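Now for the letters of each chain:
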Amino acid sequence: MPFRILSLDGGGIRGVIAASILAVIEKQIDQPLNKYFNLIAGTSTGSILAGAIARGCSSQEIIELYKQKSSLIFPYKSRFALQRIGLLLKYGLSAPKFSDAGLIQAIKSAFGDIKIRDITSTMLLIVSYDTINREPIIFKSWRQDKSYGDVTLWEACVCSASAPTYFPAHKLDKTVNGITKNAFANGIILDDNASSIEDVYKDTQITITSGTGSGQIRNLKKYVGSIQLALIDSPWEKVPDNTSTYSIKCIYSAIDGGVAANNPSSCAVAEALRLGYPVEKISILSIGTGDRTRIIPYEQARQWGLIEWAQPLIGILFDGSSGIYEYITKQIMDDRVLRLQFKLDRHLTGKRLSDDIDDVSQENISNLIEAGEVYINQPQVQAALQKFLQISQ
């Protein structure tokens, strides 16, 4: 049996490009996307697309979602807008451009309280990044991981879409579970499930959940990550041992998954291989949100400092991430991957295509949708698509 993957890049409002491309493909395969693809992976705006598809939404419904909710997520264009005063008062001059209130409201209204683990029509993978442990967060619908198994779909998407400088980081509750290696009156040595980062669990709470000392709760006053030693605020009444299990309540500080994998195709392929599917049975359709065409001249790149690089650096990081993962996926999959992506210039329609992730003007949204439709209907693109669909049988 074939194992089909759909991978969706980040890119803010430009996600409507991917939705318009998928609308054409959906008609051609003549079935819902969540029934055709075995695994759907998304980062940032791609996570919203992936979540909506996994829930059973059609591509046209997703296009309407972008049209109706985009101005709620990105309510103004300028960083000097009066609506931003509240953020400046709360966070100072370095405040993110937008509050996450509109982002949360838009996604939550679309997805409700469904949890990731409730997605059963297909496998869903969403990428975010944790600034505390400095590592990616990979949400998987088929993995009942206690650290995020109860996370709602809307919250996973908010984690994935909280782009630095645009939105604040999202706080997500996390639980770390494990088996005690050793303990003494004022401390406990955790197992390999625990982090190796210094003081990452400082000021958090640990509970002995079973075994010797079960039911005891202590606050952690220091954590030595190199040896996974946690010191507690008051001695154990009964010292845990290697029969004891523990649970630590802490948090993720989640930001946009684009800083890790703006193109999640390689993540999806890795999971398919891990699940036991051979390469020759896997195929992957990877859809981008348009290549930026604005250059940064050498003179500027040479002399820019922190202030000048702050905004464009995010786009560069995301673009670089997409390109690297496209390369890796291609090397693994060869002709079993189809990448659909075009430059954000006037070549396709003669109309301006903004590469800003927050340009939600009706003109730009319409132009992006039109460009996506024109691109996917080009004879050479259709020929590549038909060949890919044949390989995927």
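Everything discussed here concerns the structure shown above.
Residues numbered from 1 in each chain as written. Predicted model: local features only at pLDDT ≥ 70, side-chain atom pairs only at ≥ 80, totals over all residues. Heavy atoms only, no water.

### Some points on the overall build of the protein
Working step 1: A tally of regular secondary structure across the protein gives 13 helices and 13 strands.
Working step 2: Each of the three principal axes of the protein carries a C-alpha extent, and together these read 75 × 55 × 40 Å.
Working step 3: Relative to its full complement of 393 residues, the protein shows a buried share of 53%.
Working step 4: About 17800 Å² of surface is accessible on the protein, with carbon and sulfur atoms providing 53% of the total. (Helix = DSSP H or I, 4+ residues; strand = E, 2+ residues; numbered from the N terminus. Buried < 20%, exposed > 50% of the residue type's maximum accessible area, 1.4 Å probe, protein only. Areas by Shrake-Rupley, 256 points an atom, 1.4 Å probe, with all protein chains shown as cover.)

### Brief notes about the environment of aspartate 30
Working step 1: If you trace the backbone, aspartate 30 turns up in the loop between helix H1 (15-29) and helix H2 (33-36).
Working step 2: Taking the C-alpha atoms as reference points, aspartate 30 and isoleucine 227, 197 residues apart in sequence, are found 55 Å from one another.

### Thoughts on the packing of aromatic side chains
Working step 1: Under the defined criterion, the tally for this structure stands at eight aromatic pairs.
Working step 2: Grouping aromatic residues by their ring pairs yields a cluster made of Phe74, Tyr76, Phe98 and Phe167. (Phe/Tyr/Trp six-rings, centres within 6.5 Å; stacked < 30°, edge-to-face > 60°.)

### Considering helix H7 (residues 153-161)
Working step 1: By the criterion of burial, H7 is predominantly enclosed, with nine of the nine residues buried.
Working step 2: When H7 is considered as a whole, its buried residues turn out to be Leu153, Trp154, Glu155, Ala156, Cys157, Val158, Cys159, Ser160 and Ala161.

### Structural notes on the pattern of salt bridges
Working step 1: Applying the stated criterion across every chain, the model contains 13 salt bridges.
Working step 2: Of the charged contacts, one joins aspartate 356 and lysine 77 as a salt bridge, the two residues approaching to 3.0 Å between their closest N and O atoms. One end of the pair, aspartate 356, is in the loop between strand E13 (337-340) and helix H12 (362-376); the other, lysine 77, is in the loop between helix H4 (59-73) and helix H5 (85-91), and 279 residues separate them in sequence.
Working step 3: The partly exposed category is assigned to lysine 77, whose relative accessible area is 42%.
Working step 4: For lysine 115, the salt bridge is made with aspartate 150, and the minimal N-O distance between the two is 3.8 Å. Separated by 35 residues along the polypeptide, lysine 115 in the loop between helix H6 (101-111) and strand E3 (123-130) and aspartate 150 in the loop between strand E4 (135-140) and H7 bring together distant segments of the chain.
Working step 5: Classification of aspartate 150 by relative accessible area gives partly exposed; the value is 48%.
Working step 6: A single salt-bridge network, built from bridges that share partners, covers Lys77, Lys97, Asp356 and Asp358. (Salt bridge = Lys/Arg side-chain N within 4 Å of Asp/Glu carboxyl O.)

### Brief notes about the nonpolar core
Working step 1: Leu8 and Leu340 are the most contacted members of the largest nonpolar core, which totals 77 residues.
Working step 2: Looking at this core element by element, the count peaks at ten residues for H1.
Working step 3: Ranked by size, the runner-up nonpolar core spans 19 residues in total, among them Ile5, Leu39, Val127 and Ala260. (Core = buried A, V, L, I, M, F, W, Y, C linked by side-chain atoms within 4.5 Å.)

### Some details on the packing of H1 against H4
Working step 1: For the pair H1 and H4, the least separation of the axes is 8 Å and the interaxial angle reads 160 degrees. Considered as vectors, H1 and H4 are oriented roughly antiparallel to each other. H1 and H4 meet at a crossing whose hand is left-handed. Contact with H1, carried on its side by Gly15, Val16, Ala19, Ser20, Leu22, Ala23 and Glu26, involves Ser59, Ile62, Ile63 and Tyr66 of H4 and no other residues of that element.
Working step 2: Of the residues in the contact of H1 with H4, the class split is seven nonpolar, three polar and one charged. (Axes fitted to C-alpha atoms, helices over the stretch in contact; angles between N-to-C directions. Parallel < 35°, antiparallel > 145°, perpendicular 65-115°, else oblique. Left-handed = near helix turned anticlockwise from the far one by under 90°. Contact = heavy atoms within 4.5 Å. Nonpolar A, V, L, I, M, F, W, Y, C, P; charged D, E, K, R; others polar.)

### With respect to the pairing of E4
Regular strands place their side chains on alternate faces of the sheet.
Working step 1: Two strands pair when backbone bridges link them, and E3 and E4 are joined in this way by six bridges, in the antiparallel orientation. Note on E4: the bridge partner recorded for serine 128 is isoleucine 137.
Working step 2: Hairpin connection from E3 to E4: four residues lie between these consecutive antiparallel strands, with arginine 134 at a positive phi of about 55 degrees. (Pairing = 2+ DSSP bridges.)

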